[in-house]
Amino acid sequence: MRFKNLFFFLLPLSFVFSQEISPNLTLKSIRGQNIKLKEYLSKGPILINFWATWCAPCIKEMVYLEEFENKYKNKGFSIISISVDSQKSFSQVRSYIKTKKYSFDVFLDPNMQIFKKLNGNLMPTNILVDQNGKIIWRHYGYLPGDEKKMEEQILDALNTLP
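Below, the structure is looked at part by part. Just so you know, these numbers come straight off a predicted model, no measurement behind them.

## A short note on the sheet that holds strand S6 (residues 125-129)
Phase 1 of the analysis: Here seven strands make up an open sheet; going across it, the order is S2-S1-S5-S4-S3-S6-S7 and the pairing mixed. Only two strands of the sheet have a single neighbouring strand rather than two, namely strand S2 (34-36) and strand S7 (135-140). For this sheet the average axis-to-axis angle between neighbouring strands, irrespective of direction, equals 30°.
Phase 2 of the analysis: In terms of strand pairing, strand S3 (residues 46-51) meets S6 through five bridges, oriented antiparallel. What sits directly across from Ile46, in S6, is Val129.

Written out as structure tokens, the structure is:
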């Protein structure tokens, strides 16, 4: 009986962790451009980060995202940061990114459609995607030290490149 319960618990988890993201997913940049995910996938693995200006853990984590972007971009790694702030807050998003001089690309998802489609749960949500669009790691929330696990996952993804 316990085995049966465990099976029904793990079955949905296997679906979540083997999910793929369509390369045709279109993102809207903070500059108003529409960009397809496949432009990033062609280079290598991607870390999709969902955040908001009102989320203190998101803000703390972004320092590490910038570090990882700069450290691994020459190896084909990209960070895609997606703000779920409302349309009224777009100017705050632009201002914050400009002030901090973050180099990773920032996109907008004011209605949280992409966030929901990718099973976002809470802020921040990070999803590591391999070059084929397969989700290989997810992480919800941020506590100091989480960046170490994130970097391990990024390195694993980069080490599996052909």
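Picking up after the structure, the text goes on.
## Topic: the pattern of salt bridges
Oppositely charged side chains can pair when the atoms bearing their charge come close.
Phase 1 of the analysis: Under the counting rule described, the total for this entry stands at one salt bridge.
Phase 2 of the analysis: Note that Lys71 is salt-bridged to Glu151, the shortest N-O span being 2.7 Å. Highlighted residues: Lys71 in helix H3 (residues 56-72) and Glu151 in helix H6 (residues 146-159), separated in sequence by 80 residues.
Phase 3 of the analysis: Residue classification places Glu151 among the buried positions, given a relative accessible area of 17%.

## Considering helix H4 (residues 90-100)
Phase 1 of the analysis: Turning to H4, its buried residues are Phe90, Val93, Tyr96 and Ile97. Along the axis of H4, the buried positions cluster into a sector of 130°, meaning they face one direction only. What points out from H4, more than 90 degrees from its buried face, is the exposed set Lys98 and Thr99.
Phase 2 of the analysis: Buried residues in H4 make contact with S3, H3, strand S4 (78-83) and strand S5 (105-108).
Phase 3 of the analysis: Just beyond H4, the residue with positive phi is Lys101, at close to 60°.

Conventions adopted
Residues numbered from 1 in each chain as written. Predicted model: local features only at pLDDT ≥ 70, side-chain atom pairs only at ≥ 80, totals over all residues. Heavy atoms only, no water. Pairing = 2+ DSSP bridges. Helix = DSSP H or I, 4+ residues; strand = E, 2+ residues; numbered from the N terminus. Axes fitted to C-alpha atoms, helices over the stretch in contact; angles between N-to-C directions. Salt bridge = Lys/Arg side-chain N within 4 Å of Asp/Glu carboxyl O. Buried < 20%, exposed > 50% of the residue type's maximum accessible area, 1.4 Å probe, protein only. Arc of directions from axis to C-beta. Contact = heavy atoms within 4.5 Å.

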